[in-house]
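The lines below spell out each chain.
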Amino acid sequence: MYAFDYVKPASVADAVKALSAEDAQPISGGQTLIPTLKQRLGQPSALVDLTKIADLVGIEAGSDSVLVKGATTHAAVAAHEGVMQAIPGLAKLAAHIGDPQVRNRGTIGGSVANNDPAACYPAAVLGLGATVLTDRREIAADDYFQGMFTTALEEGEIVTGVRFPIPEKSAYAKFVQPASRFALTGVYAAKLKGGVRVAVTGASESGVFRWAEAEAALASNWSPEAVETLAAPAADGMIGDIHGAPDYRAHLVKVMTKRAVAAA
Amino acid sequence: MASVSMTVNGKAVSGEVEGRTLLVEFLREGLELTGTHVGCDTSQCGACVVHVNGESVKACSVLAVAVDGADIRTIEGMAAPDGTLSVLQQAFQDHHGLQCGFCTPGMVMSAADLLQKNADPSEQEVREWLEGNICRCTGYHNIVKAILAAAATLRGEKIAAE
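Throughout, a residue's number is its position along its own chain's written sequence, starting from 1. The naming scheme follows written order: chains are lettered A onward, ligands numbered 1 onward. In keeping with the predicted nature of the model, local features appear solely for residues at pLDDT of at least 70, side-chain atom pairs appear and are counted solely at 80 or more, and the whole-chain, interface and lining totals rest on all residues. Where side-chain values are given, they derive from all heavy atoms of the structure, hydrogens and water being excluded.

Helix and strand assignments come from DSSP, with helices taken as H or I runs of at least 4 residues and strands as E runs of at least 2, each series counted from the N terminus. Scanning chain A from terminus to terminus reveals twelve helices and twelve strands. Taken against the 2.2 N^0.38 rule, which gives 18 Å for 264 residues, the C-alpha radius of gyration of chain A at 18 Å falls within 12% of a compact globule. If you line up chain A on its principal axes, its C-alpha atoms span 55 × 45 × 30 Å. Looking at chain A as a whole, 56% of its 264 residues qualify as buried. Pairs at least 24 apart in sequence give 57% of the contacts found in chain A among residues at least 6 apart. Only the C-alpha atoms count toward the radius of gyration. The rule for a globule is 2.2 Å times the residue count to the power 0.38. Burial here depends on accessible area, computed with a 1.4 Å probe over protein chains only, as a share of the maximum for the residue type. Under 20% is buried, over 50% is exposed, and the range in between is partly exposed. Contacts: residue pairs with any heavy atoms within 4.5 Å of one another.

Pasting the structure below:
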């Protein structure tokens, strides 16, 4: 790693101020950022630690939504009674991110801000139609994700939390890339008051996306059979690498959608 | 440079570190606690697992300054002061849960975290828990057996060693 200053603000306002310095960067759980810096793929002047800010840690389960604050770890989400009761699909998703040690450090805010194309949380955020909260505004999931590693966040903007609406039912099904345990393809399917949403991670070169045909089919018939009648999404634009070809990933989208619906 | 102080295996320690100093570097080079290993250094192998405030983490992916004030436990803190192995360590020996031994400190620290959360894990739960710990010798079989045996011993049951 190149040398950097370490800054430990006590409030969101102090963190925003520290991030206005040139090349300063926020760090949350650091489970992606630290390995990246070890490869010298970045050279921040300062790392601003968000995990020591009391306002950024915790979960509030309400009657119609669940708020997960930005620096809350995956392990905390997975073990939270309120999340398990209100949105069991979300708790299970968090329980299978990476491995136990990654879950003890990694945070929802870090995952959503990084927007890795194979990360699990973006599928839940988009699939549940959640709202990303920042230090300055609220951003609907449909507007937030803008492609691989790209989001609506401005320079120095901090994800303070994610507010998930409580669905009638929902689940996440992940086909694991066995070495990294990222999603080779993962699908979050949700039946909400406002309709059905199906979000896919790990498959597309454009990052997490909604599968409109599956949403339409499931809106009239919430069952794996409704998905079975559909053609898999186009392989064009799907990721192709040593772990899977584009048409393989397109096929997995359909398979994992069926599994998610069956599990919900 | 920043000064950090923390409790490591029950002892208060302090030292000067850079912002970029990793916890594993502070433990190994600063405190000469070389039982915590660096295997892959890319956060995948788990040889560097230690406990921070009771939770297992990969010490190669945590900054030392970020755990200023924390309670740290390493493999050196597992046995009793007179050298008597912990139940978990003894089970690894009894069930031959290691060959070269390089991954063992991380395996033991990871398993200790599992057993404090789940006193009676199934074989599948043990195998899933070890997803972040890579062993290239044993094929995991005897590691899993050792952890299940340690869990049984800690619950007061007895399982014969082989």
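Quick look at the sheet that holds strand E5 (residues 71-73) of chain B now. Residues and elements named next belong to chain B. When DSSP finds at least two bridges between two strands, those strands are taken to pair. Taken together, five strands build an open sheet; the order of strands is E2-E1-E5-E3-E4 and the sheet is mixed. Unpaired on one side and paired on the other, strand E2 (11-17) and strand E4 (55-58) mark the two borders of the sheet. Across the sheet, the axes of successive neighbouring strands diverge by a mean angle of 40 degrees, strand direction being ignored. In this structure, strand E3 (residues 49-52) lies alongside E5, joined through two bridges in antiparallel fashion. In the sheet register, His 51 faces E5, and the bridge partner there is Arg 73. Docked against the sheet, helix H3 (residues 104-117) engages E3, E4 and E5, running at close to 40 degrees with respect to E3. Orientation is described by axes fitted as lines to C-alpha atoms, over the contacting stretch for helices, and by angles from 0 to 180 degrees between their N-to-C directions.

Residues and elements named next belong to chain B. Any pair of cysteine sulfurs within 2.5 Å is marked as a disulfide. Taken as a whole and judged by the stated rule, the model has zero disulfides over all chains. No disulfide involves Cys 45; its sulfur sits 3.8 Å from the nearest other cysteine sulfur, which is in Cys 40. Not part of a disulfide, Cys 135 finds its nearest cysteine sulfur in Cys 103, a span of 3.8 Å.

Where charged atoms from two side chains of opposite charge approach closely, those side chains can pair. Residue and element names in this part refer to chain A. The salt bridge definition used is simple: a Lys or Arg side-chain nitrogen within 4 Å of an Asp or Glu carboxyl oxygen. This model, assessed by the stated rule, comprises 19 salt bridges over all chains. When the shortest N-O distance is used, the salt bridge between Glu 154 and Arg 136 registers 3.1 Å. Of the two residues, Glu 154 is situated in the loop between helix H9 (141-144) and strand E8 (159-165) and Arg 136 in the loop between strand E6 (131-134) and strand E7 (138-140); the sequence distance between them amounts to 18 residues. With a closest N to O distance of 2.9 Å, Glu 215 and Arg 210 form a salt bridge. Arg 210 sits in the partly exposed class, given a relative accessible area of 32%.

Before going further, it helps to examine the nonpolar core. Among the buried residues, those of types Ala, Val, Leu, Ile, Met, Phe, Trp, Tyr and Cys that are joined through side-chain atoms within 4.5 Å form a nonpolar core. Among the nonpolar cores identified, the biggest contains 40 residues, and Leu 90, Tyr 121, Val 125, Phe 164 and Tyr 188 of chain A are the most heavily contacted of them. By residue number, the principal contributor to this core is helix H8 (residues 121-127) of chain A, which donates five residues. Three or more residues apiece are contributed to this core by two domains, here domain 1 (5-165) and domain 2 (169-263) of chain A. Counting residues in each nonpolar core, the second largest holds 32 residues, with Leu 33 of chain A together with Leu 23, Ala 59 and Ile 72 of chain B among its members. Source of the domain bounds: an automatic or database domain assignment.

Buriedness for pockets is judged along seven lines, at least five of which must meet protein on both sides within 12 Å for an open set on the 1 Å grid over protein atoms alone, while cavities are sets there where a 1.4 Å probe fits but cannot get out, and lining residues have an atom within 4 Å of a point. Grid points are joined across faces, edges and corners, and a volume is the space filled by probe spheres set on the points. One pass over the full model with this rule turns up one cavity of 30 Å³ or more. Here the largest cavity is characterised by a volume of approximately 60 Å³. If you go around the largest cavity, the residues you meet are Ile 27, Ser 28, Gly 29, Ile 34, Asp 49, Thr 51, Lys 52 and Arg 105 of chain A together with Leu 63 and Ala 66 of chain B. Three classes are used: nonpolar for Ala, Val, Leu, Ile, Met, Phe, Trp, Tyr, Cys and Pro, charged for Asp, Glu, Lys and Arg, and polar for all others, with Gly counted as polar. Of the residues contributing to the lining of the largest cavity, the split by class is four nonpolar, three polar and three charged.

All right, on to the sheet that holds strand E3 (residues 46-49) of chain A then. Residues and elements named next belong to chain A. Read across the sheet, three strands follow the order E1-E3-E2 without closing on themselves; strand pairing throughout is parallel. The strands lining the two open edges of the sheet, one partner per strand, are strand E1 (5-7) and strand E2 (24-27). Neighbour-to-neighbour, the strand axes of the sheet open up by a mean angle of 25 degrees, direction not taken into account. Packed on one face of the sheet, helix H1 (residues 12-19) meets E1, E2 and E3 and runs near 145 degrees to E2.

Before going further, it helps to spend a moment on the environment of Leu 98 of chain B. Residues and elements named next belong to chain B. Mapping Leu 98 onto the fold places it in the loop between helix H2 (87-94) and H3. With a relative accessible area of 28%, Leu 98 lands in the partly exposed category. For the pair Leu 98 and Tyr 140, spaced 42 residues apart in the sequence, the C-alpha separation amounts to 8.7 Å.

Fair warning: the whole summary comes from geometry, so function is off the table for now.
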